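Here is how the chains run, residue by residue.
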Amino acid sequence: HPERYGRLAVCRGHDLDAMDLAWSPGGELLACCSLDSRHPVCVWGTDDATLRRGAGPPSVPAVLHPCAVLGAGRRGGGSVKGLAWSPCGSVLASSADDHSYAFHRRPDAFR
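Counting starts from 1 at the beginning of each chain's written sequence and moves along it residue by residue. Only residues with pLDDT of 70 or above have their local features reported here, since the model is predicted, and side-chain atom pairs are shown and tallied only from 80 upward, although totals for entire chains, interfaces and linings are computed over all residues. Remark: hydrogens and water are excluded; side-chain values derive from all non-hydrogen atoms of the structure.

Engineer: Just to check I follow, could you spell out the overall build of the chain for this structure?
Structural biologist: Scanning the chain for helices and strands turns up 1 helix and 9 strands. What counts as a helix is a DSSP run of H or I of at least four residues, what counts as a strand is a run of E of at least two, and both are numbered from the N terminus. When the helices and strands of the chain are read in sequence order from the N terminus, they spell out β-β-β-β-α-β-β-β-β-β. Put simply, of all contacts in the chain between residues at least 6 apart along the chain, 44% involve residues at least 24 apart. Accessibility throughout is a Shrake-Rupley quantity obtained with a 1.4 Å probe, and a residue counts as covered only by protein chains that appear here. Surface exposure of the chain reaches about 7200 Å², of which carbon and sulfur atoms provide 54%. Residues are treated as being in contact if the distance between any of their heavy atoms lies within 4.5 Å.

As structure tokens, then:
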């Protein structure tokens, strides 16, 4: 029989298709990249407290909004298509289809 998973949250922030997702090593942040040039990389807080704060009745998932938007106004015009956190979780790397790579240092506010 199929497993039944309850939807805990819906992340909002991108205007166009999402291309990749990456959980931080500690699992407290989720990063997503998109074809969207206004919001190329969004980061959401996903710890249990964040999910509980946004949760309504059990049948209604929390709606999460980004705690950070990275790469807006980036030069080159290529779409961001890949993400990876460093093993220690302090840097988020992104790759774009214009053959560029960006490294975003995680601010202390998200630790």
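After that view of the structure, there is still more to cover.
Engineer: What exactly am I supposed to notice about the sheet that holds strand β9 (residues 101-105) here?
Structural biologist: Sheets are built from strands paired through backbone hydrogen bonds, the pairs being either parallel or antiparallel. Two strands qualify as a pair provided that DSSP identifies no fewer than 2 bridges between them. The strand order β7-β8-β9 describes an open sheet built from 3 strands, whose pairing is antiparallel. Edge positions in the sheet fall to β7 (80-85) and β9, since each has one partner strand and no second. Strand-to-strand, the axes of this sheet are offset by a mean angle of 20 degrees, without reference to chain direction. When β7 meets strand β8 (residues 91-96), the two strands line up antiparallel, connected through 5 bridges. From the neighbouring strand, Ala84 faces β8, where its bridge partner is Ala93. Here, axes are lines fitted to C-alpha atoms. For helices the fit covers the stretch in contact, and angles between N-to-C directions go from 0 to 180 degrees.

Engineer: Please clarify how the sheet that holds strand β4 (residues 41-45) should be interpreted in this entry.
Structural biologist: Here 4 strands make up an open sheet; going across it, the order is β2-β3-β4-β6 and the pairing antiparallel. Whereas interior strands pair on both sides, the edge strands pair on one side only; in this sheet they are β2 (18-23) and β6 (68-70). With strand direction ignored, the average angle separating the axes of adjacent strands in the sheet is 20 degrees. As paired elements, β4 and β6 share 3 bridges and run antiparallel to each other. Bridge pairing in β6 places Cys42 opposite Val69.

Engineer: What is the right way to read a nonpolar patch on the surface from this model?
Structural biologist: What makes a patch is a set of residues exposed beyond 30% relative accessible area and free of salt bridges, joined within 9 Å when like-charged and within 5 Å when nonpolar (Val, Leu, Ile, Met, Phe, Trp, Tyr). Any carboxyl oxygen of Asp or Glu within 4 Å of a side-chain nitrogen of Lys or Arg constitutes a salt bridge here. A grouping of Leu16, Met19 and Leu35 is seen on the molecular surface, where their side chains present a nonpolar patch of about 250 Å² in accessible area. For Leu35, the position within the fold is in the loop between β3 (29-34) and β4.

Engineer: Looking at this structure, how should I read the state of the cysteines?
Structural biologist: Working definition: the covalent bond between the sulfur atoms of two cysteines is a disulfide. Throughout, a disulfide means two cysteine sulfur atoms within 2.5 Å of one another. In the structure shown here, the tally under the stated rule is 0 disulfides. The thiol of Cys67 is not disulfide-bonded; the next cysteine sulfur, from Cys42, is found 9.5 Å away.

Engineer: Can you help me understand the nonpolar core in this one?
Structural biologist: Only buried Ala, Val, Leu, Ile, Met, Phe, Trp, Tyr and Cys residues count toward a nonpolar core, and they belong to the same one when joined by side-chain atoms within 4.5 Å. Relative accessibility under 20% of the residue-type maximum defines a buried residue, over 50% an exposed one, and the middle range a partly exposed one, all with a 1.4 Å probe and only protein chains included. Counting 11 residues, the largest nonpolar core is built from Ala22, Leu29, Ala31, Cys33, Val41, Val43, Ala68, Val80, Leu83, Trp85 and Leu92. Sequence-distant contacts of Cys33, that is, excluding residues within four places in its chain, are made with His14, Asp17, Ala18, Met19, Asp20, Pro40, Val41, Val80, Lys81, Gly82 and Leu83. Membership of the second largest hydrophobic core comes to 5 residues, among which are Cys42, Trp44, Ala62 and Leu64.

Engineer: So what exactly am I meant to see when it comes to the pairing of β8 here?
Structural biologist: A regular strand places its side chains so that they alternate between the two faces of the sheet. Only one face of β8 is buried: it carries Leu92, Ser94 and Ala96, and the other face, with Val91, Ala93 and Ser95, is open. Counting the residues between successive antiparallel strands, the hairpin from β7 to β8 contains 5 residues, one of them, Gly89, with a positive phi of roughly 85 degrees. Taken together, the 5 bridges between β8 and β9 define a ladder with antiparallel strand orientation. Considered in β9, the bridge of Leu92 is made with His104. In this antiparallel pair of consecutive strands, β8 and β9, the connection spans 4 residues, and His99 shows a positive phi of 70 degrees.

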